[in-house]
Amino acid sequence: MPAPGLCRASPAAATGTTGTTTAATSTAGTGPAGTGTSTAAARRGPSPVTAPWGGARARRGGRRRRPQTCTGPRGAAEPAVVPGGPQATLPDHHVLSDHRVSCETGAVFVHELERELFLSAFLTRSEDDGAIPITFHAHLRDHPDLLRWLRYIQRDPHQPGYLYGCPTATEIGTHTIEVLAYNRLTYETVAQRLLITVIPAPRGELPFQGEFLVGNRNVEELLPAAARDIFLQAAAGVWEQDDLQVINITSALDRGGRVPLPIKGHKEGVYVSVGSRGPFSGCLTSAASAQSRFLCSLGQQPLASCYDTFAPHFSIRWCNLTLLQVWPSPTTSGPVWGSGVLEEGGGFQPPTEVPPQDLLPGFLVTLLVPLAVAALLCLLLGHIMCCRREGVQKRDLETSDIQLFHHTTIHGDTQELRHMAGSRDVPRPLSTLPMFNVRTGQRINPLPGAADGARVPLLQQ
């Protein structure tokens, strides 16, 4: 039996036809159980093979060696160390520093989850970092999902992820989003907390807003800042305003759109909301007029009195154009909140005490009124069932003597007929007798005898 603190080589550590040499030295972790060292070596050939996480592993002929396990005095697993090299552990969980961002209400918020930031936190390195698949998972702290105005999109594990949305006035404050990145090759994880501070817009909500449907783009293609700038430049040529601002970006799938066919060039479609403080141009007004809607219902293009500056980068579906004018809502002055600290010399003044209330009348009303109603109902029901019955004597007194005599006669005749029918002695009807035997010609005696003819079988054995 090996002594405590020594390494036990796994019996499955056999190699293939080509021999290899592996060696592993582990140091016992410090703790209440004590300290110790252990060494294990196995020689099978001239070349050493070491796993990235420090354990010894070799692959020959499609077979994988199990890493050696070192146990301390209490059997706890200890990290393996390569001789002459730094200590390396199994893929672990890493935490990055918090990242703070801010956004305004009524404006689009886009945060890119950069792959390079999380790749630098992984222990493993690769010559081509773009070939490492990484997936992100984001959720609100202490909640399983994101905020109702915040969405997440990542089209492919080799592409960055995006958090985007448009906060409203009810979401003012600081929200903590926890982001977890997974390395799909080594199963390493990196976590980061994203602190989003939502502040009210200084100038309020934009009064003129227009929503465009871009048919040849996916939502992640319009989230980068460069793509949004190009879209705003194209929209400025149609709107004839220079203060345009992207309010929100929404995938057409989130608005009830259908998933496109997996054909090259087919996109999901993106709804882009743009706002301005200047009025709409005549081109946009004519494109959203009732006559244009009628032409769209007929399958034709709407009226447009200007040049489409979105082409060829963006394919706008003008039949889905929506123009909205938002009027500023009057703000009511709410309570002024203090600092929460009492001033000097000021004492706490509790609210005045509420005078005691007499609950006895309410209790009596609640209890006695239902009881009184129940008693009245019982009396009414008893009077109907007991005091309103006619009885046999009252019935006979109100009935004429001729009718009573006729009724009595009918009863007497009925009883007499029943008595006569029970005592009659006549032969049985022929219809009740059994049929004669067709083979022998024998007939059954119709007169009653010792045996009942109805129970005699038709065919004699």
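The shown structure was predicted, so the numbers you read here are calculated from the model rather than taken from an experiment. (Residues numbered from 1 in each chain as written. Predicted model: local features only at pLDDT ≥ 70, side-chain atom pairs only at ≥ 80, totals over all residues. Heavy atoms only, no water.)

Description of the overall build of the protein chain
Scanning the protein chain from terminus to terminus reveals seven helices and 19 strands. When each of the 461 residues of the protein chain is scored for burial, the buried share is 30%. Entry remark: accessible area of the protein chain is about 31900 Å², with carbon and sulfur atoms responsible for 57%. (Helix = DSSP H or I, 4+ residues; strand = E, 2+ residues; numbered from the N terminus. Buried < 20%, exposed > 50% of the residue type's maximum accessible area, 1.4 Å probe, protein only. Areas by Shrake-Rupley, 256 points an atom, 1.4 Å probe, with all protein chains shown as cover.)

A word on the sheet that holds strand β10 (residues 109-113)
If you walk across this open sheet you meet the three strands as β10-β13-β12, and the pairing is antiparallel. Lying at the two open borders of the sheet, with one neighbouring strand each, are β10 and β12 (150-153). Between one strand axis and the next, the sheet turns by 20 degrees as a mean value, whatever way the strands run. Across five bridges, β10 lies against strand β13 (residues 161-165) in antiparallel orientation. (Pairing = 2+ DSSP bridges. Axes fitted to C-alpha atoms, helices over the stretch in contact; angles between N-to-C directions.)

Description of the nonpolar core
The biggest cluster of nonpolar side chains holds 32 residues, and the ones touching the most others in it are Phe-212, Phe-231, Phe-310 and Trp-318. Elements with a minimum of two residues in this core: β13, β16 (208-214), α2 (225-239), β17 (245-251), β18 (270-276) and α3 (282-287). In terms of residue count, the dominant contributor to this core is α2 (seven residues). If sequence neighbours within four positions are ignored, Phe-212 has contacts with Phe-231, Val-270, Tyr-271, Val-272, Val-274, Leu-284, Phe-310, Ile-316, Trp-318 and Leu-321. Counting 26 residues, the second-largest nonpolar core is a separate cluster that includes Cys-103, Leu-146, Leu-147 and Val-190. (Core = buried A, V, L, I, M, F, W, Y, C linked by side-chain atoms within 4.5 Å. Contact = heavy atoms within 4.5 Å.)

A short note on the packing of aromatic side chains
In this description, a pair of aromatic rings is defined by centroid distance and the angle of the planes. On inspection of all chains with the given rule, the structure shows ten aromatic pairs. With 5.2 Å between their ring centres and 35 degrees between their planes, Trp-239 and Phe-280 make a pair best called tilted. Highlighted residues: Trp-239 in helix α2 and Phe-280 in the loop between β18 and α3, separated in sequence by 41 residues. Comparing Trp-239 with Phe-280, the two get one shared label, buried. Ring centres 6.0 Å apart and planes at 65 degrees place the aromatic pair Phe-310 and Trp-318 in the edge-to-face group. Given the relative accessible area of 0%, Phe-310 is considered buried. One aromatic cluster is present, formed by Phe-212, Phe-231, Phe-310, Phe-314 and Trp-318 through successive ring pairs. (Phe/Tyr/Trp six-rings, centres within 6.5 Å; stacked < 30°, edge-to-face > 60°.)

A look at the pattern of salt bridges
Scanning all chains against the criterion turns up eight salt bridges. Close ionic contact of Asp-98 with Arg-193 constitutes a salt bridge, the shortest N to O distance being 2.8 Å. Of this pair, Asp-98 sits in the loop between β8 (93-95) and β9 (99-104) while Arg-193 sits in strand β15 (residues 189-199), placing them 95 residues apart in sequence. Residues participating in the shared-partner salt-bridge network are Arg-155, Glu-220 and Glu-268. (Salt bridge = Lys/Arg side-chain N within 4 Å of Asp/Glu carboxyl O.)

So, helix α4 (residues 290-297)
Listing the buried residues of α4 in full gives Ser-292, Leu-295 and Cys-296. Buried residues of α4, viewed axially, fall in a sector of 100 degrees; they line one side. Within α4, the exposed residues directed more than 90 degrees away from the buried face are Ala-290, Gln-291, Phe-294 and Ser-297. On its buried side, α4 packs onto α3. Looking one or two places after α4, you find Gly-299, whose phi comes out positive at around 85 degrees. (Arc of directions from axis to C-beta.)

Concerning the state of the cysteines
Across all of its chains, the model carries one disulfide by this definition. Here Cys-103 stays unpaired: no disulfide links it, and the sulfur of Cys-166, its closest cysteine neighbor, is 8.7 Å away. Cys-387 supplies the cysteine sulfur nearest to Cys-386, a cysteine that is in no disulfide, at a spacing of 6.1 Å. A residue is classified by how much of its surface remains accessible, and Cys-386, at 62% relative accessible area, is exposed. (Disulfide = S-S within 2.5 Å.)

Quick notes on the pairing of strand β11 (residues 134-140)
Among the seven residues that make up β11, five are buried, leaving the element largely enclosed by the rest of the structure. Where β11 meets strand β14 (residues 173-183), seven bridges bridge the pair, whose relative direction is antiparallel. Each bridged residue has a counterpart across the sheet, and for His-139 the counterpart in β14 is Glu-178.

A few points about the sheet that holds β18
One open sheet accounts for four strands, arranged β17-β18-β16-β19; its pairing is antiparallel. Taken across any chain shown, the strands that pair with only one partner, and hence form the sheet edges, are β17 and β19 (322-325). On average, adjacent strands in this sheet sit at an angle of 20 degrees to one another, irrespective of strand direction. In this sheet, β18 lies alongside β17 in antiparallel orientation, the contact comprising six bridges. Looking across to β18, one finds that Thr-250 is bridged to Tyr-271. On the sheet, α2 packs against β16, β17 and β18 and is oriented at approximately 60 degrees with respect to β18.

Observations concerning the side chain of Asn-216
Among the structural elements, Asn-216 can be located in the loop between β16 and α2. At 3.1 Å, the side chain of Asn-216 forms a polar contact with the backbone oxygen of His-313. Asn-216 has contacts with Glu-221, Lys-267, Pro-312, His-313, Phe-314 and Ser-315, leaving out every residue within four places of it along the chain. (Polar contact = N/O pair within 3.5 Å; in protein donor to acceptor, adjacent residues only side chain to side chain.)

Concerning the pairing of β13
For β13, the buried fraction is high: five of the five residues fall into the buried class. With burial as the criterion, each face of β13 is covered, one bearing Gly-161, Leu-163 and Gly-165 and the other bearing Tyr-162 and Tyr-164. In this structure, β12 lies alongside β13, joined through four bridges in antiparallel fashion. In the sheet register, Leu-150 faces β13, and the bridge partner there is Gly-165.

Structural notes on the side chain of Thr-135
Inspection of the secondary structure assignment puts Thr-135 in strand β11. Within the local environment of Thr-135, its side chain forms a polar contact with the side chain of Arg-184, the two groups lying 3.1 Å apart. The residues touching Thr-135, leaving out its near neighbours within four places in the chain, are Gln-154, Pro-157, Leu-180, Ala-181, Tyr-182 and Arg-184.

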